[in-house]
Amino acid sequence: MKPKKRVVIVDDSSLARTILREIIQADGDIEVVGEAQNGYEAVGLVDALKPDLVTMDIDMPGPSGIDTIGWIMEKAPTPILVITSEQLGGHSSLGFQAIQRGAMDFMPKPSISDEQAVAHLRRQVRTLSELPAFVHVSADDGEPAPATRVARATGIVAIASGVGGPRALSRVLRRLPPDFPCPVAIAQHMPPRFAVAFARYLESITPLPVRVVGEQPTPIAPGVFVCDSTSHLVVKSASDLVTVAAHKDYPSKPSADLLFGSSADHFGGSVIAVVLSGVGSDGSRGLGRVIDAGGLAVVERPETAIPADMPKAASLAWPDARTMPVELIGDLLSSVVTDASAKTTAPPADSSDRLAIADD
Amino acid sequence: MSLHEKFREQFVATATQRFHTITRALDGAHSNAMLDGVASELHTLGGEASLLGALDIADLARHGEEAARERRPADLRAVLDQLEVAIFAQDLARSGT
């Protein structure tokens, strides 16, 4: 029989811990092995019990959950899921701050009356507890690559990013120069209504302008484009991005497959599609459309992606996709985009030309 | 028994206790530290209410927390009046009255 997943709950409310325990243990495959009511208790408990996962509140007496995450990742690295009633969305970037400190993901406290929400919580606990713990790496990856030959904007960079993706994304975006000439559209899997917070998080790590795309067409220009997870981010034309509320073939929002596919439709071979960490296989299907159109497919190396499901699925489906450690992807984008912008006025004749540029 | 029913009694007891802690604090001088303490208590109450699915209480607690953090004691009092009624309503529902 498979051993139960072992979880430690950190929350200052005794009632909240009791309810979370009930929710988490409901299916019988997860056991809450410890509870802590503040950050000090949490660090000692996690170090002693070595659980598979920690659930973390943010606002607690004494050290905040954000500080506690940092301490745990230094002393006893463990997958951490932030579950809090803090205003994570709107203008707050607390959820993304938690990710910067080392948390895997964040979600609002679910209502016990909401069966979908509690089932989602249990799924997240199972998924994240399977992941290897790793020591938090400083966000400082050095200076962005110099923009040696920035030419006019050409094409689009489309990125698929799932759970664990924001950390990878930060390492990619930090490497892009302030005058990176290409639009960067991101399909980031996250809870609904976090787009503004996500945009603020991205603004804190890149000098590029960050825009939240809505139902009205947003002109494509250099900068970063995101959308809320209540809708899909799609390329409407070579000049506009837009969101659509639903698509019959893509129930999960936002769909990277849809973003990649629509990018290929309107930008042909001048698309660069990147698949970063995440659960599931979103991005794989759309990557095929990009490759067929002559674009460049880049996949985060599965060995270093956490979680690696999305990169694994993409590399299996498209062995010719360029697979590389996340810390090199930003440099590759800078190199390809600036070179391609300088060298071409039209998409290259075939994909091998583009791949050759990437290999330079 | 649903999870909501299972935890409602405990929630009402906890919410009532937190409410009294808050009103006692407001009876004293309105220092910034006191208002921060009230905001924190309301924040925790809001989280507990969210978990229980008592969304009216969660919403009121959030408004009260904002009023306390933004040093608006008159607004905070008004929210607390509504909060008391909402907690009482949960208690009535629990006892089936």
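Along each chain, numbering runs from 1 in the same order as the chain's sequence is written. Lettering for chains starts from A, numbering for ligands starts from 1, and both go in the order in which the items are written. Residue-level local features of this predicted model are given only where pLDDT is at least 70; pairs of side-chain atoms are given and counted only at 80 or more, and the full residue set underlies all totals for whole chains, interfaces and linings. The side-chain values count all of the structure's non-hydrogen atoms but skip hydrogen atoms and water molecules.

## Considerations on the overall build of chain B
A tally of regular secondary structure across chain B gives four helices and zero strands. Along chain B, from the amino end to the carboxyl end, the secondary structure elements read α-α-α-α. Only protein chains enter the calculation, and the probe is 1.4 Å; a residue is then buried if its accessible area is under 20% of its type maximum, exposed if over 50%, and partly exposed in between. Counting over 97 residues, chain B shows a buried share of 45%. Surface accessibility of chain B: about 4700 Å² in total, with carbon and sulfur atoms responsible for 53%. A run of H or I in DSSP counts as a helix once it spans at least four residues, and a run of E counts as a strand once it spans at least two, with each numbered from the N terminus. Here the Shrake-Rupley method, with its probe set to 1.4 Å, supplies the accessible areas, and only the displayed protein chains count as covering residues.

## Considerations on the overall build of chain A
When helices and strands are tallied, chain A shows twelve helices and 15 strands. Taken across its 360 residues, chain A has 59% of its residues classed as buried. Note on contacts: a residue pair is in contact if any heavy atoms of the two residues lie within 4.5 Å. The contacts in chain A between residues at least 6 apart in sequence include a share of 72% that link residues at least 24 apart. By element, 51% of the accessible surface of chain A is carried by carbon and sulfur atoms, the whole surface being about 13900 Å².

## Notes on the sheet that holds strand β2 (residues 30-36) of chain A
Adjacent strands of a sheet pair through backbone hydrogen bonds, lying either parallel or antiparallel. All names here are of chain A. By this definition, two strands are paired if DSSP reports at least two bridges between them. The strand order across the open sheet formed by five strands is β2-β1-β3-β4-β5, and the pairing between neighbours is parallel. Across the chains shown, the open sheet's two edge strands, defined by having one partner strand only, are β2 and β5 (105-108). Going across the sheet, the axis of each strand differs from the next one's by a mean of 25 degrees, ignoring polarity. Looking at chain direction, strand β1 (residues 5-10) and strand β3 (residues 53-56) are connected through four bridges and run parallel. Axis geometry follows a simple rule: fit a line to the C-alpha atoms, using only the stretch in contact for helices, then measure angles between N-to-C directions, giving values from 0 to 180 degrees.

## Here's the deal with the pairing of β1(A)
Residue and element names in this part refer to chain A. Extensive coverage of β1 is indicated by the burial of five of its six residues. Of the strand pairs in this sheet, β1 and β2 are connected by six bridges, and their pairing is parallel. Residue pairing for β2: Lys5 is matched across the bridge by Ile30. Orienting the strands away from the viewer, one traces the path from the first strand over the helix to the second; a clockwise path indicates a right-handed crossover. Tracing the backbone out of β1, into helix α1 (residues 14-25) and back to the parallel element β2 gives a crossover that is right-handed.

## Looking at the nonpolar core
All names here are of chain A. To define a nonpolar core, start from buried Ala, Val, Leu, Ile, Met, Phe, Trp, Tyr and Cys residues and group those joined through side-chain atoms within 4.5 Å. Counting residues in each nonpolar core, the largest one holds 58 residues, and the members touching the most others are Val157, Ile186 and Leu202. For this core, the leading source of residues is helix α11 (residues 326-343), giving six residues. Here the limits of each domain have been adopted from an automatic or database domain assignment. Structurally, this core is a two-domain feature, drawing no fewer than three residues from each of domain 1 (5-129) and domain 2 (139-359). The residues touching Val157, leaving out its near neighbours within four places in the chain, are Phe180, Cys182, Pro183, Val184, Ala185, Ile272, Val274, Leu333 and Val337.

## Side note on the interface of chain B and chain A
Contacts between chain B and chain A engage 20 residues on the former and 18 residues on the latter. Of the roughly 1700 Å² buried at the junction of chain B and chain A (both faces included), carbon and sulfur atoms supply 61%. Put simply, Arg69(B) and Asp59(A) hold a salt bridge, and the shortest N to O gap is 3.5 Å. Here a polar contact is recorded for every N or O atom pair within 3.5 Å, except that within protein the pair must consist of a potential hydrogen donor and a potential acceptor, and residues adjacent in sequence are included only if both atoms are side-chain atoms. The interface formed by chain B and chain A contains four residue pairs in polar contact (both at pLDDT 80 or more). Listed by contribution, the elements that provide at least two residues to the side of chain B that touches chain A are α1 (3-27), α2 (32-52) and α3 (55-69) of chain B. Under this grouping Gly is polar, as are all residues other than the nonpolar Ala, Val, Leu, Ile, Met, Phe, Trp, Tyr, Cys and Pro and the charged Asp, Glu, Lys and Arg. Residues of the side of chain B that touches chain A, tallied by class, amount to five nonpolar, nine polar and six charged. The term buried area denotes the loss of accessible surface (1.4 Å probe radius) that occurs when two parts are joined, taken as the sum for both partners. Just to be clear on terms, a salt bridge is a Lys or Arg side-chain nitrogen sitting within 4 Å of an Asp or Glu carboxyl oxygen.

## Considerations on the sheet that holds strand β11 (residues 232-237) of chain A
As summarised here, the arrangement of the three strands in space is β9-β12-β11 (chain A), forming an open sheet in which the pairing is antiparallel. The outermost strands of the open sheet, each flanked by one partner alone, are β9 (218-219) and β11 of chain A.

## Remarks on the pattern of salt bridges
Side chains that differ in charge, positive against negative, can pair when their charged atoms come close. Residues and elements named next belong to chain A. In total, this model carries 25 salt bridges over all chains according to the counting rule given. Close ionic contact of Lys109 with Asp57 constitutes a salt bridge, the shortest N to O distance being 3.9 Å. One end of the pair, Lys109, is in the loop between β5 and α5 (115-129); the other, Asp57, is in the loop between β3 and α3 (65-75), with 52 residues separating them in the sequence. Comparing Lys109 with Asp57 shows no difference in burial state: the two are buried. Two residues, Arg101 and Asp67, come together in a salt bridge whose shortest N-O distance is 3.5 Å.

## A closer look at helix α2 (residues 39-49) of chain A
Residues and elements named next belong to chain A. Burial in α2 covers these residues: Gly39, Ala42, Val43 and Val46. Looking straight down α2, one finds that the buried residues subtend no more than 95 degrees of arc, so they occupy a single side. Opposite the packed face of α2, turned more than 90 degrees from it, sit the exposed residues Tyr40 and Ala48. Tucked inside the fold, the buried residues of α2 contact β1, β2, β3 and α3. Sitting at the amino-terminal end of α2 is Asn38, which places a side-chain oxygen 3.1 Å from the backbone nitrogen of Tyr40. Of the residues flanking the end of α2, it is Lys50, one or two places downstream, whose phi is positive at about 45 degrees. Note that the arc is computed from the directions linking the helix axis to the C-beta atoms.

## Thoughts on unusual backbone geometry
Here the residue pair Lys253(A) and Pro254(A) is connected by a cis peptide bond, since its omega of -10 degrees sits within 30 degrees of zero. Take Pro254(A): it is sitting in the loop between β12 (240-244) and α8 (256-267). Here the bond from Ile306(A) into Pro307(A) is cis, since omega is -10 degrees, no more than 30 degrees from zero. For Pro307(A), the location among the structural elements is in the loop between β14 (296-300) and α10 (309-317). The phi dihedral of Lys50(A) is positive, around 45 degrees, even though this residue is not glycine. Take Lys50(A): it is sitting in the loop between α2 and β3. Positive phi outside glycine occurs at Arg71(B), with the angle close to 55 degrees. Inspection of the secondary structure assignment puts Arg71(B) in the loop between α3 and α4 (73-95).

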